[in-house]
Amino acid sequence: MSPSLPPSLASAWDELVATARRTVADGLVVGTSGNVSVRVGDTVLVTPSGVPYDRLTPDDATGVGLDGRQVLGTLVPTSELPMHLAVYRADPGARAVVHTHAVHATAVSLLVPELPPVHYMTAALGGPVRVAPYAAYGTGELARGMLAALADRTGCLLRNHGTVTYGTSLDQAYDRTAQLEWMCRLWLTAASVPGRTPSLLTEAQLAEVSERLRGYGQRS
């Protein structure tokens, strides 16, 4: 951790870099595409623009306020900063955002207005995952379209672009990204079988899963 940063920010930066590198290792992005952010208090740490994740060090820590003003570091923040800030402003509970160019998810964004509910993990994202209209990267138009697609959801697809998920931690946001990519791959695989139509879950079935997920995991 960088000695020049408060411990909370230094630790969060280390986690952010590890998550960004994981998106590359897991094939969810290529090169410097995609971006990751984490909120610590009123500071949003973000991956800088155009810097390979394997080259990031503690001295490269980059942060902005919720108003977008840079408060930490000298590197230029990701060009997708408007999307990240839009999520934090819209949901005070959001603590991490992951944006990728995952292949299967991006492919689905070209085909349908929302990912059909092919698996019960659809419920973990709030329901069928919507596709936001195409808009140029880094624009307010893209951020607004994303927010509309995220209404009552924690993940969405961006047409001809990729994915956005968020959560209360980097681990949760990343897990939602990975689950979304897996469900997109599942649907594309099933839908590609000639003469067969994938079976979809009903609203009632998804509602049942949503209730069960509230009690999922270890209890302290």
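Given the structure is predicted, the values throughout are model-derived calculations rather than measurements. (Residues numbered from 1 in each chain as written. Predicted model: local features only at pLDDT ≥ 70, side-chain atom pairs only at ≥ 80, totals over all residues. Heavy atoms only, no water.)

Student: How would you summarise the overall build of the protein if you had to cite specific residues and measurements?
Tutor: Within the protein, the regular secondary structure consists of six helices and nine strands. Against the 2.2 N^0.38 benchmark of 17 Å for 220 residues, the protein shows a C-alpha radius of gyration of 17 Å, consistent with a compact globule. Each principal axis of the C-alpha atoms in the protein carries an extent, and together these give about 60 × 45 × 30 Å. Sequence-distant contacts in the protein: of pairs separated by 6 or more residues, those separated by 24 or more amount to 64%. Total accessible area computed for the protein in this model is approximately 10,900 Å², and 53% of it derives from carbon and sulfur atoms. Treating the 17 positive side-chain charges of the protein as one cloud and the 19 negative ones as another, the clouds have centres 4 Å apart. (Helix = DSSP H or I, 4+ residues; strand = E, 2+ residues; numbered from the N terminus. Rg over C-alpha atoms; globule rule 2.2 N^0.38 Å. Contact = heavy atoms within 4.5 Å. Areas by Shrake-Rupley, 256 points an atom, 1.4 Å probe, with all protein chains shown as cover. Lys, Arg positive; Asp, Glu negative; His and termini not counted. Charge placed at Lys NZ, Arg CZ, Asp CG, Glu CD.)

Student: So what's going on with a negative patch on the surface? Residues and values would help.
Tutor: On the surface, Asp14, Glu15, Asp171 and Asp175 cluster together into a patch of negative charge. Sorting the residues of the negative patch by element identifies helix H1 (7-25) and helix H5 (170-191) as the ones contributing at least two each. Asp14 sits in the partly exposed class, given a relative accessible area of 30%. (Patch = residues over 30% accessible without salt bridge, like charges linked within 9 Å, V, L, I, M, F, W, Y side chains within 5 Å. Salt bridge = Lys/Arg side-chain N within 4 Å of Asp/Glu carboxyl O. Buried < 20%, exposed > 50% of the residue type's maximum accessible area, 1.4 Å probe, protein only.)

Student: Go over the pattern of salt bridges with me, naming the residues and quoting the values.
Tutor: By the definition in use, this model includes four salt bridges. Notably, a salt bridge pairs Arg69 with Asp67, separated by 3.9 Å at the nearest N-O pair. Taken as a pair, Arg69 and Asp67 share a single burial class, namely exposed.

Student: If you had to explain the environment of Tyr174 to someone new, which residues and values would you point to?
Tutor: Its place among the elements puts Tyr174 in helix H5. Taking the C-alpha atoms as reference points, Tyr174 and Ser192, separated by 18 residues in sequence, lie 27 Å from one another. The contacts of Tyr174, once residues within four sequence positions are left out, are Thr19, Arg22, Thr23, Asp26, Leu28 and Val98.

Student: So what's going on with the packing of helix H2 (residues 81-90) against helix H4 (residues 140-149)? Residues and values would help.
Tutor: Axis separation between H2 and H4 bottoms out at 9 Å; the angle between their running directions is 40°. Regarding the angle of H2 to H4, the classification is oblique. For the pair H2 and H4, the sense of crossing is right-handed. In this structure, H2 contributes Pro82, Met83, Ala86, Val87 and Ala90 to the contact, and H4 contributes Leu142, Ala143, Met146 and Leu147. Per-class residue counts for the contact of H2 with H4 are nine nonpolar, no polar and no charged. (Axes fitted to C-alpha atoms, helices over the stretch in contact; angles between N-to-C directions. Parallel < 35°, antiparallel > 145°, perpendicular 65-115°, else oblique. Left-handed = near helix turned anticlockwise from the far one by under 90°. Nonpolar A, V, L, I, M, F, W, Y, C, P; charged D, E, K, R; others polar.)

Student: Residue-level account of the sheet that holds strand E8 (residues 155-158), with values.
Tutor: As summarised here, the arrangement of the nine strands in space is E4-E3-E2-E1-E5-E9-E8-E7-E6, forming an open sheet in which the pairing is mixed. Because the sheet does not close on itself, it has two edges, and the strands there are strand E4 (70-72) and strand E6 (114-115). Looking at chain direction, strand E5 (residues 96-100) and strand E9 (residues 162-167) are connected through five bridges and run antiparallel. Bridging across to E9, Thr100 finds its partner in Thr163. Packing against the sheet, H4 makes contact with strand E7 (129-132), E8 and E9, and its axis sits at approximately 160° to E7. (Pairing = 2+ DSSP bridges.)

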